[in-house]
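Observations on the three-dimensional arrangement
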Amino acid sequence: MTQHPIAANGRGYLAIPGPSVMPDAVLQAMHRPSPNIYDGELLEMTATLIPDLKRVARTKGKCAIYIGNGHAAWEASLSNVLSEGDRVLAPITGLFGHGWADMARGLGVEVDVLDFGKQSPMDMALITHALKEDTDHQIKAVLAVHVDTSSSIRNDFTALRRAIDDAGHPALLMADCIASLGCDQFEMDEWGVDVMLAACQKGLMVPAGVSFVFFNEKAEAVRNAMPRVSRYWDWVPRGAPEQFWQYFNGTAPTHHLFGLRAALDIIHDESIEKVWARHAVLARAIWAACDAWGQVGSLKMNVAEAQNRSNAVTSLSLASPDGTRLREWVETNIGLTLGIGLGMGGEGERSSDGFFRFGHMGHVNGQMIMGLLGGVETGLTALNIEHGTGALEAAAAVIAKG
Ligand SMILES: *Cc1c(COP(=O)(O)O)cnc(C)c1O
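The notes below deal with the structure included here. Nothing here was measured: the structure is a model prediction, and the numbers come from that model.

Parameters at a glance
- Residues numbered from 1 in each chain as written.
- Predicted model: local features only at pLDDT ≥ 70, side-chain atom pairs only at ≥ 80, totals over all residues.
- Heavy atoms only, no water.
- Core = buried A, V, L, I, M, F, W, Y, C linked by side-chain atoms within 4.5 Å.
- Buried < 20%, exposed > 50% of the residue type's maximum accessible area, 1.4 Å probe, protein only.
- Domains from an automatic or database assignment.
- Contact = heavy atoms within 4.5 Å.
- Helix = DSSP H or I, 4+ residues; strand = E, 2+ residues; numbered from the N terminus.
- Near = heavy atom within 4 Å.
- Polar contact = N/O pair within 3.5 Å; in protein donor to acceptor, adjacent residues only side chain to side chain.
- Areas by Shrake-Rupley, 256 points an atom, 1.4 Å probe, with all protein chains shown as cover.
- Nonpolar A, V, L, I, M, F, W, Y, C, P; charged D, E, K, R; others polar.
- Expected span 1.5 Å × (residues − 1).
- Arc of directions from axis to C-beta.
- Pairing = 2+ DSSP bridges.
- Right-handed = clockwise from strand over helix to strand, strands pointing away.
- Axes fitted to C-alpha atoms, helices over the stretch in contact; angles between N-to-C directions.

Digging into the nonpolar core
Residues Leu53, Ile127, Met196 and Phe212 are the most contacted members of the largest nonpolar core, which totals 59 residues. The residues that make up this core include at least three from each of domain 1 (29–268) and domain 2 (271–401). Ignoring sequence-local partners within four residues, the contact set of Met196 consists of Ala57, Ala175, Cys177, Leu181, Phe186, Met188, Phe212, Val213 and Phe214. Leu373, Ile385, Ala391 and Ala395 belong to the second-largest nonpolar core, a separate cluster that totals 36 residues.

This is the structure we're talking about:
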């Protein structure tokens, strides 16, 4: 017999790590008839997106837009600088690192994997060592995920840059910032990142479907020396279009562009520094609550040290099958949707009963995070899952102090 949900009606919170919550201004900007793609407002508006995207990415490099999700940006970034038979180094801290590496293998690229597991960040000394061993500089690129959304590990890119420089190695540094852009601080130029990719449905608050590859002059030179690049993924015309259609190699993703315009306005009205600071305080509130819950029972954050955690997503474990029971209870009864555990179980396993995630990326504020935490507290109570007390007080204290 099915039971009635206790208190589910009302505006829900999709607290999964992408797609993220969409601002009403983004939805309203998209709610319109199709525009002319040959003349007029759309053409002028699209040109304004590029400098504002580069301000979020903190780069003076170029930006190519693709109609496609993050996986498309993975393939686009690789296709411009790597040919069949080339070699790359992939330091991996979760499922998404494996995914990008596998995308490279699909293009005939040889991948040297350095797997650091699912609970600690990259060990930079091992990366320097691997690059030093490559005395004839066969490795063309280092593929590194900034925030791996499965484990919620955040890697230190200033340290990674230093690790590559310490080896005196010329490989391109390529960063996946799909989860982190517009959430965790990222400084593409200052941190010496050559290629960076992102998608629009996480920190950028737009429905999935558009992604971005940013690249600097060093990466451009590598692209220009390529024997061949597939026409569709080629970033040259997209990064410096002479005609409007070249931005997208065909019809523009019209409504996504209007949504993105609204989202970038929201980000820059707040300022990217304040966006990072907001994510940081909300993340600390979440961690304070998790620490309190974890005093008793089995709930635990996946990443032990705060400095290695993302401000956009938190991966947690709870004795199996309580993680799944908790997710199902809060979704059914109080309108709160948590993220499934992803890639945290045994080898090759995509999801796992003992794991779940909080998405706290993009359009989120203090009352939403307190609602998320209050919702989890309610679920733990309803299901008699053992947990420590004082979680909400601890989180409130963090936000109150700012
Ligand atoms: C979400 C995500 C991806 C995949 O993006 P899709 O849009 O689902 O293809 C890749 N890498 C990271 C770090 C992500 O968070």
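Moving on from the model shown.
Some details on unusual backbone geometry
The linkage connecting Gly18 with the following residue, Pro19, adopts the cis geometry, with an omega of 0°. With respect to the helices and strands, Pro19 occurs in the loop between strand S1 (13–15) and helix H1 (24–30). With an omega of 5°, the peptide bond between Ser320 and Pro321 qualifies as cis. As for its position among the elements, Pro321 is in the loop between strand S12 (313–317) and helix H11 (322–334).

Some details on the site of the ligand
Neighbouring the ligand are 13 residues; Gly70, His71, Thr149, Gln201 and Lys202 lie closest to it. Separating an oxygen atom of the ligand from a side-chain N or O atom of Thr149 is a distance of 2.3 Å. Within the side chain of Asp176, a nitrogen or oxygen atom sits 2.8 Å from a nitrogen atom of the ligand. If the ligand stood free it would expose 380 Å²; the protein chains cover 90% of that surface. The dominant element in the shell around the ligand, judged by the number of residues it contributes, is helix H3 (residues 70–81), at 3 residues. A class-by-class count of the residues in the shell around the ligand yields 6 nonpolar, 5 polar and 2 charged.

Examining helix H4 (residues 95–106)
For an α-helix, the turn length of 3.6 residues means that residues three or four places apart are oriented alike. Look at H4: 17 Å from first C-alpha to last across 12 residues, which is about the 16 Å you get at 1.5 Å a residue. Those residues of H4 lying buried are Phe96, Gly97, Trp100, Ala101, Met103 and Ala104. Axial view of H4: buried residues confined to an arc of 155°, hence all on one face. Just beyond H4, the residue with positive phi is Gly108, at close to 85°.

Looking at the pairing of strand S4 (residues 110–115)
Residues in a regular strand project their side chains so that they alternate between the two faces of the sheet. The sheet contact formed by strand S3 (residues 87–92) and S4 spans 6 bridges and is parallel. Across the sheet, the residue bridging to Ala90 is Val113, located in S4. The β-α-β motif built from S3, the intervening H4 and the parallel element S4 has right-handed crossover chirality.

As for the sheet that holds S4
Note on sheets: strands pair through backbone hydrogen bonds, and any given pair is parallel or antiparallel. The sheet built from 7 strands is open, its strands ordered S2-S10-S9-S8-S5-S3-S4 with mixed pairing. Where the open sheet ends on each side, the last strands, each with one partner, are strand S2 (62–67) and S4. If you compare each strand with its neighbour and ignore which way they point, the axes differ by 20° on average. Where S2 lies against strand S10 (residues 210–215), 6 bridges are found, and the strand directions are antiparallel. Bridging from a neighbouring strand, Ala64 pairs with Val213 of S10. Where H4 meets the sheet, it contacts S3, S4, strand S5 (139–145), strand S8 (172–176) and strand S9 (195–199), and its direction lies at approximately 150° from that of S5.

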